[in-house]
Amino acid sequence: SAFIEAADIKPAESGGVKNDRVDPEGDAKRGFGNVPFHRKEFTAKSVKAYFNLDLALLRSYRLSENALELLIALALFKIRRLVGSPIRLRTACDFELKNGLVVTRPAGYQLPSQEELTKLVANGITGLKSSGELGEVIEVAWKE
């Protein structure tokens, strides 16, 4: 599970005009003309994302050790991927990781790099495929 929390939130008032280059004097009620608008957005002194990976729940599924390791690697891959790229949660609200990732439990654990997690996921899929634990796999190419 995950959530994002903002602290010290303040409103940011803005606005503008929707310009109609075809019919600037047109009827605004019908969607024509130059129409002023107001927008109220918000700023925050700090924004933090929290992630929780429930290992006890994953272990309760009684999967093989290889399957469990793949699920954990895939979850960590998704977290690393999310925070490793600029994030736009809504219009005019871009986020970028500034202070690194902090792991609170288990103590001293360091989240592997994107490259390491990519290899772990790929190797996990290959291992489960060759052992027969994984059904048909459809390969998808990701191009940036």
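Residues numbered from 1 in each chain as written. Predicted model: local features only at pLDDT ≥ 70, side-chain atom pairs only at ≥ 80, totals over all residues. Heavy atoms only, no water.

Another point: the environment of Pro-112. The topology assignment puts Pro-112 in the loop between strand E4 (93–95) and helix H3 (114–131). Residue Pro-112 is classed as buried on the basis of its relative accessible area of 15%. In the structure, Pro-112 is positioned 14 residues away from Thr-126 in sequence and 20 Å away in space, judged by C-alpha atoms. The contacts of Pro-112, once residues within four sequence positions are left out, are Arg-80 and Leu-117. (Helix = DSSP H or I, 4+ residues; strand = E, 2+ residues; numbered from the N terminus. Buried < 20%, exposed > 50% of the residue type's maximum accessible area, 1.4 Å probe, protein only. Contact = heavy atoms within 4.5 Å.)

The volume enclosed by the largest pocket comes to roughly 1800 Å³. Lining the largest pocket are 47 residues, with Lys-48, Ala-49, Tyr-50, Phe-51 and Leu-101 sitting closest to its centre. Counting only elements with at least two residues in the lining of the largest pocket, the list comes to strand E1 (2–18), strand E2 (35–51), helix H1 (55–60), helix H2 (65–83), strand E3 (87–90) and E4. In terms of residue count, E2 provides more of the lining of the largest pocket than any other element does, 11 residues in total. (1 Å grid on protein atoms, 1.4 Å probe; cavity = no way out; pocket = protein on both sides within 12 Å on 5 of 7 lines; lining within 4 Å. Points joined across faces, edges and corners; volume = space filled by probe spheres on them.)

Bringing the packing of H2 against H3 into the picture now. The interhelical angle for the contact between H2 and H3, taken along N-to-C directions, is 150°, at an axis separation of 9 Å. When the interaxial angle is binned, H2 and H3 end up roughly antiparallel. Handedness of the H2/H3 crossing: left-handed. Residues Asn-66, Ala-67, Leu-70, Ala-73, Leu-74, Leu-76, Phe-77, Arg-80 and Arg-81 of H2 lie in contact with H3, whose contacting residues are Gln-114, Leu-117, Thr-118, Leu-120, Val-121, Gly-124, Ile-125 and Leu-128. Residues that form the contact of H2 with H3 fall into these classes: 11 nonpolar, 4 polar and 2 charged. (Axes fitted to C-alpha atoms, helices over the stretch in contact; angles between N-to-C directions. Parallel < 35°, antiparallel > 145°, perpendicular 65-115°, else oblique. Left-handed = near helix turned anticlockwise from the far one by under 90°. Nonpolar A, V, L, I, M, F, W, Y, C, P; charged D, E, K, R; others polar.)

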